[in-house]
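Examining the three-dimensional arrangement
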Amino acid sequence: MAQSHMHDFLKGLPKCEHHVHLEGCLTPELIFSLAKKNNVKLPSPQDNPAYESVQTLEERYKHFSSLDDFLAFYFQGMDVLLNESDFADLAWAYFQKAHADGVHHAEVFFDPQVHQNRGIPYDTIVAGFVAGCKRAERELGLSTRLILCFVRHLPVDSARKVYEEALAKNHFETDTIHGLGWSSTEVGPPKDMFRELYDSARSKQIRLTAHAGEEGDPSYISTALELGATRIDHGIRLIEDPVLLEQIAKQGTMLTVCPLSNVRLRCVPSVDKVPIRKFLDAGVKFSINSDDPAYFGGYILDNYLAVHDAFQLAVAEWGLIAKNSVMGSWIDEARKEELLRKIDEHVLKYEALLA
Ligand SMILES: Nc1ncnc2[nH]cnc12
Ligand SMILES: [Zn+2]
């Protein structure tokens, strides 16, 4: 297919995004403007991480040496979020961009422990993000899911505290928060540090996902599965364990792959080394996602285009990826049917266009 047609096809292909951190949508422009509005003092150019200007920050983002090097900037950037409206505006900015990129359904992560640690109340964070989600549903027709992420660099006690607060407020039963994940630094803290919390959540039928197999070896993935995760965020190192790979393919567990993130965080040297072709050949289901688009040089469509550049997938293969993304979403059957139909129509139109 001609390149320009392929761009139009991928832009219009109905997408689901399952792996995007709302705090990872905080662009350098927004960091500097919110710092000014909220009177937050950013670290000086001599500090690490350093904040001098939008341009120097953007430049620095091109040279992350690892996940932890990135996380220092990611957690620092969040300091500028103070008010409910800051959280709502951040989510809304993401949803507008996602909608323009052809996203119909978005499942978004947030890291409440990190905000609570700097004195922001749980209610401020959740009310702001929920408002952004509701606005996207109302004004853009997107369906949304909000996933609370435990972070691996803070004590389990702080995760327990936020989990208990969400439970006490009935946020899981009222579809305010639709599931739990874990993220942040991978190698170092105990692999199963959230065992007790995930056991409890599992007994309450709360949906579970987990970041695993990004920098960490495949045993991080098997631990996440053992603790009850039904999706794996990243999971690219699955390719190093053929037995686990076969098990995941057989179970139909979906990986939420983030190609541009993997390159920026040096998990792979280039997009063509993300195991897209291997996953397709092995029947491993995956979606393609942006992770932290403000930090990694692209939103979801940029990730789709980068994968296409690297792998030259056929229209039918893109149709399969889009449909697997729908099937791996935490939505009801009717919404799944609706999105699957839209994908079929879109694929048919482009096949016909080029026949
Ligand atoms: N890529 C990533 N890996 C782990 N934790 C994260 N938090 C935000 N982005 C992340
Ligand atoms: Zn992530």
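Above this note sits the structure.
This write-up is about the structure you can find in this document. Just so you know, these numbers come straight off a predicted model, no measurement behind them.

Check the secondary structure of the protein and you find 17 helices and eight strands. For the protein, whose C-alpha radius of gyration is 19 Å, the value lies close to the compact-globule estimate of 20 Å for 355 residues. Projected onto its principal axes, the C-alpha coordinates of the protein cover approximately 60 × 45 × 40 Å. A total of 355 residues make up the protein; the buried ones form 57% of that total. Summarising the internal contacts of the protein: among those between residues at least 6 apart in sequence, 75% fall at separations of at least 24. As displayed, the protein has an accessible area near 14100 Å², and 50% of this comes from carbon and sulfur atoms. One finds the centroid of the 37 positive side-chain charges in the protein at a distance of 2 Å from the centroid of its 51 negative side-chain charges.

With that out of the way, let us pick up the sheet that holds strand 3 (residues 143-151). Judged by pairing direction, the sheet is parallel, and its four strands sit side by side in the order 1-2-3-4 without closing on themselves. In the strand order of this sheet, the two ends are held by strand 1 (15-21) and strand 4 (179-183), each with one partner. Neighbour-to-neighbour, the strand axes of the sheet open up by a mean angle of 30°, direction not taken into account. Note: strand 1 against strand 2 (residues 103-110), five bridges, orientation parallel.

Taken together, H19 (NE2), H21 (NE2), H211 (NE2) and D291 (OD) make up the protein donors of the zinc ion (ligand 2), found 2.0 to 2.3 Å from the metal. Bound by four donor atoms, the zinc ion (ligand 2) shows angles of 85 to 174° at the metal and therefore irregular coordination geometry. Accessibility expressed as a relative area gives 0% for H19, which makes it buried. Residue D291 is classed as buried on the basis of its relative accessible area of 2%.

Structurally, T223 can be placed in helix 10 (residues 218-226). Apart from residues lying up to four places away in sequence, T223 is in contact with K191 and D192.

This paragraph deals with the sheet that holds strand 8 (residues 286-288). In sheet architecture, strand pairing relies on hydrogen bonds along the backbone and comes in two forms, parallel and antiparallel. One open sheet accounts for four strands, arranged 5-6-7-8; its pairing is parallel. Where the open sheet ends on each side, the last strands, each with one partner, are strand 5 (209-212) and strand 8. Here the average twist between neighbouring strands, direction ignored, is 25°. Here strand 7 (residues 254-257) pairs with strand 8 via three bridges, running parallel. Paired with L255 across the strands is F286, a residue of strand 8.

Definitions and cut-offs
Residues numbered from 1 in each chain as written. Chains lettered and ligands numbered in written order. Predicted model: local features only at pLDDT ≥ 70, side-chain atom pairs only at ≥ 80, totals over all residues. Heavy atoms only, no water. Helix = DSSP H or I, 4+ residues; strand = E, 2+ residues; numbered from the N terminus. Rg over C-alpha atoms; globule rule 2.2 N^0.38 Å. Buried < 20%, exposed > 50% of the residue type's maximum accessible area, 1.4 Å probe, protein only. Contact = heavy atoms within 4.5 Å. Areas by Shrake-Rupley, 256 points an atom, 1.4 Å probe, with all protein chains shown as cover. Lys, Arg positive; Asp, Glu negative; His and termini not counted. Charge placed at Lys NZ, Arg CZ, Asp CG, Glu CD. Pairing = 2+ DSSP bridges. Axes fitted to C-alpha atoms, helices over the stretch in contact; angles between N-to-C directions. Donors = N, O, S within 2.8 Å, 3.2 Å for Na, K, Ca; no water. Tetrahedral: all angles 85-135°; square planar, octahedral: opposite > 155°, others 65-115°.

Everything listed here is a matter of geometry and, on its own, says nothing about what the molecule does.
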